[in-house]
Amino acid sequence: MQSNSDLASLFTTIADILDIRGENVFRVRAYRNAARTIEGLSEPIHELLARDPAVLDQLPGIGKGLHDKILEYCQHGALSEYAALKASVPPGLLAMLDLPALGPKRVKLLYDTLGIDSIDALEQAAATGRVRALPGMGEKTEAKVLHGIREYKTLHTERMPWSRAKLILDAYLAHLRGVPGVQQLAAAGSYRRGRETVGDLDILVTTHGDARPIIQAFVNYPNVAEVLAQGDTKASVIVQEKIQTDLRVVDNASFGAALQYFTGSKEHNVAIRARAKATGLKVSEYGVFRDETSIAGATEEEVYAALDLAWIPPELREQRGEIEAAADGTLPVLVTRADLQGDLHVHTKYSDGTASMAAMARAAQARGYAYVAITDHSKSVTVAHGLDETAVLRQLDELARVRAEVPGIRILSGIEVDVLRDGTLDLADDVLAQLDFVIATVHFHLELDAAAMTRRIVRALQHPAVRCLAHPTGRRAGTRAPFALDFTAMVAAARAHHVLLEINAAPERLDLDETHAGQARRAGVPLVINTDAHTLAEFDNIDNGLNSARRAWCGAADIANTWPIDRLLTWKTSAT
DNA sequence: GCCGTTTTCGGCCCGACTGTTTTCAGTCG
């Protein structure tokens, strides 16, 4: 059975083909919107349809035509009209759309006049000066295309993890903060929305006076590898880390409007501007206007208020119902770092961590936490020097001394116990029963089929000692897909047995992801955001997990490590 | 192809930058 992303990419391809064919741009947009909607669903669309055939009627941007196409795709795994559509445009043209300076119009022009139907053919034409001869093209465009082809062939730019983007942005902002004339300064874009990965970096600056010296300082930043564009109010560069960075300069009266605009998402902005237009207003990056008069713009709050909307947290701005919720006053109050009272998954020198229990406890205390759980690996994880029963009891003894040594923070005894192939646990029940916080984890035998994996995990969730399931789907951000699993069944078991599901904040994991976290939240299963810290510094990875939780619309009540310690510890035994 | 606080037809976000152009089309975000 095909996945949502297969259907989404089919719609995207159709949109690209229609674009090149010069069809109605709004029809093209309809396909792109539908692709996005489908991509954002938390469950496979054929399962949603099986449960509720009317589900498509509630999805925004899906009307009669796309409705029928989705049904056809779910029933037959293909669209009958797609073959003819695909045959109408050479496949190489679609790849050409990804090159800079080339959109549907120019790709079509290249094909119609020069017969260019692939990136290789284009490279040859550009290298021999045939591209510049076309109307509307010239030497510079030709050079830009050629340059783009070489980039495309050598680096193949990928999206960057949020945590890496943060390092680059923090340094860039620090550089700009010292530039004369700079007043307000903010990072925007998908970074501000807390997306797991970001495709480019966006910086907004305000000034009273002339923007050009600020633009100049931006492009002269030593870390800039290439200047792509430079105008009076904006500029684009590529930095050494191979990611595009855009700067926009406006004056203070427009700061909120520009921040709103520059934060996106694009789809959110389109919907916001359409809403404004319906009430006779116009929204741009300069403000909210009635006729020619600005009625809002200095802050984001007043921009949203001018549209009768509550301020919407950036993480929700994905056109997934946040505008309706803002209009109804039903936006969630999202969990913040200040709400967190503890970290419930950390390692020490007892297994594969680098610090002592006392050092980890002090580090947690320094973050303002009230509690921390020490959760080293169990014995079957031999590469991490996992603990056997004897070692667990020895650690428990030492912990009594560490508690006296580090007062002022509640240190929970715990373990990250492996779930064996058959769903039993890696340590004896009488030892597990002595620990405050037992986390179950799947590390091995990831190759099981969905039925076996689901049985295995559900069995572990039924164990009376288990309070939390760590990195529940086994995904690794950007590198490994979740293992085969009936996620809905797992969530139901977690709910029944009062087991917390983890949002693992380690940047290489981010498991659960925002989509699964949202599904667990809607099912009423409390989540827990843990760093899985193996070093003192890794406590700071918590922001990655907070991003996922906030993008899953989680409030503090949905996150168990915002709870007071008593509630946390009695949650398991309150299961019915 | 979608959709309705003006609409079931006729709209569909808005503006900057570039390059190639003497007024604008195409691309981009």
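Note that the coordinates shown come from a computational prediction; the quantities given were computed from them, not determined experimentally.

A.B. asks: An account of the domain arrangement of chain A is requested, with residue identities and associated values reported.
C.D. replies: Taken domain by domain, chain A comprises domain 1 (4–155), domain 2 (160–249), domain 3 (254–328) and domain 4 (337–574). One C-alpha centre belongs to domain 2, the other to domain 4, and the line joining them spans 37 Å. Taken together, the contact between domain 2 and domain 4 spans six residues of the former and nine residues of the latter. Summing the contributions of domain 2 and of domain 4, the shared interface buries around 630 Å²; its carbon and sulfur component is 45%. If you sort the residues of domain 2 by the area they bury against domain 4, Trp162, Gly194 and Glu196 come out on top, with a joint share of 67%. The interface formed by domain 2 and domain 4 contains one salt bridge. Note that glutamate 196 and arginine 475 form a salt bridge whose closest N and O atoms lie 2.9 Å from each other. On inspection of domain 2 and its partner domain 4, the count reaches two residue pairs in polar contact (both at pLDDT 80 or more). Here the residues of the side of domain 2 that touches domain 4 are counted per class, giving one nonpolar, two polar and three charged.

A.B. asks: Explain the protein's contact with DNA strand B to me, and be specific about the residues and the numbers.
C.D. replies: If you check the shell around DNA strand B, you find 49 residues, and the closest are Gly63, Gly103, Gly138, Lys277 and Ala278. Backbone sugar and phosphate groups make up 75% of those atoms of DNA strand B lying within 4 Å of the protein. Here a base oxygen of DNA strand B sits 3.2 Å away from a polar atom, N or O, in the side chain of asparagine 24. Of all the secondary-structure elements, those providing two or more residues to the surface near DNA strand B are α2 (25–39), α4 (64–76), α7 (104–114), α9 (139–154), β5 (224–230), β7 (244–250), α14 (266–278) and β8 (281–284).

A.B. asks: Explain helix α23 (residues 542–551) to me, and be specific about the residues and the numbers.
C.D. replies: Summarising burial for α23: nine of the ten residues are buried, a large majority. If you check which residues of α23 are buried, you get Ile542, Asn544, Gly545, Leu546, Asn547, Ser548, Ala549, Arg550 and Arg551. Contacts made by the buried residues of α23 are with α10 (162–177), β16 (500–504), α22 (514–522) and β17 (527–530). Once α23 ends, the next one or two residues include tryptophan 553, with phi positive near 65°.

A.B. asks: Which residues make up the pattern of salt bridges, and what values go with them?
C.D. replies: Should their charged atoms come close, side chains of opposite charge can pair. Throughout the structure, instances matching the rule amount to 29 salt bridges. One salt bridge connects glutamate 318 with arginine 36, and the closest N-O pair in it is separated by 3.4 Å. Linking glutamate 318 in the loop between α15 (300–306) and α16 (322–328) with arginine 36 in helix α2, this pair joins segments that are 282 residues apart in sequence. You can call glutamate 318 buried: its relative accessible area is 2%. Residue class for arginine 36 comes out partly exposed when judged on its relative accessible area of 29%. One network of salt bridges, in which partners are shared, links Arg36, Arg193, Glu267, Glu318, Arg320, Glu514 and Arg551.

A.B. asks: Any chance you could break down the packing of helix α1 (residues 4–20) against α2 for me, citing the residues and the numbers?
C.D. replies: Look at α1 against α2: their axes get within 8 Å of each other, and the N-to-C directions meet at 165°. Accordingly, the angle class assigned to the pair α1 and α2 is roughly antiparallel. Like other packed secondary-structure pairs, α1 and α2 cross with a definite hand, here left-handed. Across the interface between the two elements, Asn4, Ser5, Leu7, Ala8, Phe11, Thr12, Ile14, Ala15, Asp16, Leu18 and Asp19 from α1 touch Arg27, Val28, Tyr31, Arg32, Ala34, Ala35, Ile38 and Glu39 from α2. A class-by-class count of the residues in the contact of α1 with α2 yields eleven nonpolar, three polar and five charged.

A.B. asks: So, the sheet that holds β7: which residues are in play, and what are the values?
C.D. replies: Here we have five strands laid out as an open sheet, ordered β2-β4-β7-β6-β5, and mixed in their pairing. Single-partner strands in this sheet number two, and they are β2 (185–187) and β5. Neighbour-to-neighbour, the strand axes of this sheet turn through a mean angle of 20°, independent of strand direction. Pairing of β2 with strand β4 (residues 201–206), which is carried by three bridges, proceeds in the antiparallel orientation. Looking at the pairing, alanine 187 lines up with isoleucine 203 of β4. Across the sheet, helix α13 (residues 255–263) lies against β2, β4 and β7, angled at about 175° from β4, the strand it touches most.

A.B. asks: Lay out helix α17 (residues 357–366) with the relevant residues and their values.
C.D. replies: All of the buried residues in α17 are Met357, Ala358, Met360, Ala361, Ala363 and Ala364. Turning to α17, the residues buried within the fold contact β11 (342–346), β12 (371–377), α18 (389–405) and β13 (410–418). Phi turns positive, to about 85°, at glycine 368, one or two residues after α17.

A.B. asks: Run through the sheet that holds β13, naming residues and quoting values.
C.D. replies: Strand order in the open sheet made by the seven strands is β11-β12-β13-β14-β15-β16-β17, with parallel pairing throughout. Unpaired on one side and paired on the other, β11 and β17 mark the two borders of the sheet. With strand direction ignored, the average angle separating the axes of adjacent strands in the sheet is 30°. Here three bridges tie β11 to β12, and the two strands are oriented parallel to one another. Among the inter-strand pairings, aspartate 343 is bridged to a residue of β12, identified as valine 372.

So, how was this worked out
- Residues numbered from 1 in each chain as written.
- Chains lettered and ligands numbered in written order.
- Predicted model: local features only at pLDDT ≥ 70, side-chain atom pairs only at ≥ 80, totals over all residues.
- Heavy atoms only, no water.
- Domains from an automatic or database assignment.
- Contact = heavy atoms within 4.5 Å.
- Buried area = accessible area lost by both parts, 1.4 Å probe.
- Salt bridge = Lys/Arg side-chain N within 4 Å of Asp/Glu carboxyl O.
- Polar contact = N/O pair within 3.5 Å; in protein donor to acceptor, adjacent residues only side chain to side chain.
- Nonpolar A, V, L, I, M, F, W, Y, C, P; charged D, E, K, R; others polar.
- Near = heavy atom within 4 Å.
- Helix = DSSP H or I, 4+ residues; strand = E, 2+ residues; numbered from the N terminus.
- Buried < 20%, exposed > 50% of the residue type's maximum accessible area, 1.4 Å probe, protein only.
- Axes fitted to C-alpha atoms, helices over the stretch in contact; angles between N-to-C directions.
- Parallel < 35°, antiparallel > 145°, perpendicular 65-115°, else oblique.
- Left-handed = near helix turned anticlockwise from the far one by under 90°.
- Pairing = 2+ DSSP bridges.

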